[in-house]
Amino acid sequence: MDTIRRELLGQIAKLTAGAALIPLSSVASAGINDQPARREGDPSKRYGMLVDLRACIGCQACTVSCHIENEAPLGSFRTIVSQYEVEHEETGDIATFMLPRLCNHCDNPPCVPVCPVQATFQREDGIVVVNNEACVGCAYCVQACPYDARFINEYTQTADKCTFCAHRLDVGLLPACVESCVGGARIIGDMKDSDSQISRMLEEHYDDIMILKPEMGTAPHVFYLGMDERFMSRPDAKPAIWDVRDQQGEEIGYEFGSH
């Protein structure tokens, strides 16, 4: 018991010390368009992901493979597939709607300007990443994200999130979630390449492509095909039996927390 108490007090002290270093004025003055210069990555590319919901079967293979690949703590996820029961407005029939969720790697990421130490930054290829050596675990970026895509990693006490598996993309491999997707529902690629699969699909299905929370003006680069428009801003549906729960047993649903 004493050992547990010492570890807990040590973690609290680390978080408190990190917070003490952060000038509140830097957060107050930060704006969505106040983005620091991009760095790292290939400037000739702009990665994006298209999620074809017509092909998603809600198997959670992406959730599991991502969790293993990135060694996330138990109960914390870089990507999940929320599943909901939806009722047909006219017939009353019940169906299941699957909604894969992850960091949207926005062109105007609100998580970047609020970071007081620039630990969160955007690469030149559009991927938003976290420098864990610089992050002080203040969680400002966690609160700023309108997609609930970030969390504080209990192992590192720093911010964590989906990175499109940048470490795999950099060596020519697909992200773990894309590689493991049973239905081939996740398509990632270079949007600057007009011949890439994602570019061709975005052009072919232009009128049917949707994004999450368009009213936030973040210019997300995760796109959805086959989306129920009720889920664009805030879903009007109840979680189905195949939900994902945290360590406290609470359903990790698409409710945007307090945002």
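Residues numbered from 1 in each chain as written. Predicted model: local features only at pLDDT ≥ 70, side-chain atom pairs only at ≥ 80, totals over all residues. Heavy atoms only, no water.

The next subject is the overall build of the protein chain. When its secondary structure is counted, the protein chain shows 7 helices and 11 strands. For the protein chain, the proportion of its 259 residues judged to be buried stands at 46%. Put simply, the protein chain shows about 13400 Å² of open surface, and 52% of that area lies on carbon and sulfur atoms. (Helix = DSSP H or I, 4+ residues; strand = E, 2+ residues; numbered from the N terminus. Buried < 20%, exposed > 50% of the residue type's maximum accessible area, 1.4 Å probe, protein only. Areas by Shrake-Rupley, 256 points an atom, 1.4 Å probe, with all protein chains shown as cover.)

Counting 37 residues, the largest nonpolar core has Met49, Phe164, Tyr224 and Met227 as the members making the most contacts within it. Those elements giving two or more residues to this core turn out to be β1 (47–52), β2 (80–87), β3 (94–101), α5 (166–169), α6 (176–180) and β10 (222–225). Once residues within four sequence positions are removed from consideration, Met49 is found in contact with Leu102, Phe164, Cys177, Val178, Arg186, Ile187, Ile188, Ile198, His221, Val222 and Phe223. Among the nonpolar cores identified, the runner-up in size contains 11 residues, and Cys111, Val112, Cys141 and Val142 belong to it. (Core = buried A, V, L, I, M, F, W, Y, C linked by side-chain atoms within 4.5 Å. Contact = heavy atoms within 4.5 Å.)

All right, on to the layout of surface pockets then. A probe as big as a water molecule, rolled over the atoms, marks out the empty space that is left. Computed from the structure, the second largest pocket encloses a volume of approximately 270 Å³. If you trace the second largest pocket, you find 16 residues lining it, with Arg78, Val129, Val130, Asn132 and Thr163 closest to the centre. If you list the elements that add at least two residues to the lining of the second largest pocket, you get β5 (128–130), β7 (158–160) and α5. When grouped by side-chain class, the residues that make up the lining of the second largest pocket number 5 nonpolar, 5 polar and 6 charged. (1 Å grid on protein atoms, 1.4 Å probe; cavity = no way out; pocket = protein on both sides within 12 Å on 5 of 7 lines; lining within 4 Å. Points joined across faces, edges and corners; volume = space filled by probe spheres on them. Nonpolar A, V, L, I, M, F, W, Y, C, P; charged D, E, K, R; others polar.)

Let's shift gears to the confidence of the model for the protein chain. In this model, the protein chain carries a mean pLDDT of 81, and residues with pLDDT of at least 70 account for 77%. Overall, residues 235–244 carries pLDDT values under 50, and its contacts beyond four positions in sequence, including any with other chains, amount to 27 contacts. Contacts from residues 252–259, a stretch scored under 50 in pLDDT, to residues over four places away or in other chains number 36 contacts. (pLDDT = per-residue confidence, 0-100.)

Opposite charge on two side chains makes pairing possible when the charged atoms of those side chains draw close. Summed over the entire model, instances satisfying the criterion amount to 7 salt bridges. Note that Glu179 and Arg168 form a salt bridge whose closest N and O atoms lie 3.1 Å from each other. A residue pair is termed long-range when its members are at least 10 positions apart, and Glu179 in helix α6 and Arg168 in helix α5 qualify at 11 residues. For Glu179, a relative accessible area of 53% puts it in the exposed group. Each of Glu69, Arg168 and Glu179 takes part in one network of salt bridges that share partners. (Salt bridge = Lys/Arg side-chain N within 4 Å of Asp/Glu carboxyl O.)

Below, the discussion takes up the sheet that holds β1. Pairing in this open sheet of 4 strands is mixed, and the strands run β8-β1-β10-β9 from one edge to the other. Across the chains shown, the open sheet's two edge strands, defined by having one partner strand only, are β8 (186–190) and β9 (209–210). Sheet analysis places β1 next to β10, joined by 4 bridges and oriented parallel. Looking across to β10, one finds that Asp52 is bridged to Leu225. (Pairing = 2+ DSSP bridges.)

Residues other than glycine seldom take positive phi values, yet Gln60 does so here, at roughly 70°. Relative to the helices and strands, Gln60 is located in the loop between β1 and α3 (61–70). Since its relative accessible area comes to 13%, Gln60 is described here as buried. A positive phi is found at Asp148, a non-glycine position, where the angle reads about 50°. Its location among the elements puts Asp148 in the loop between α4 (140–144) and β6 (151–153). Relative accessible area serves as the criterion here: at 28%, Asp148 is assigned to the partly exposed category.

So, about the environment of Asn104. Counting through the fold element by element, Asn104 comes out in the loop between β3 and β4 (120–122). With 115 residues separating them along the chain, Asn104 and Ala219 place their C-alpha atoms 8.7 Å apart. Not counting the four nearest positions on each side in its chain, Asn104 is found in contact with Tyr147, Pro220, His221 and Val222. In this structure the side chain of Asn104 is engaged in a polar contact, spanning 3.0 Å, whose partner is the backbone oxygen of Leu102. (Polar contact = N/O pair within 3.5 Å; in protein donor to acceptor, adjacent residues only side chain to side chain.)

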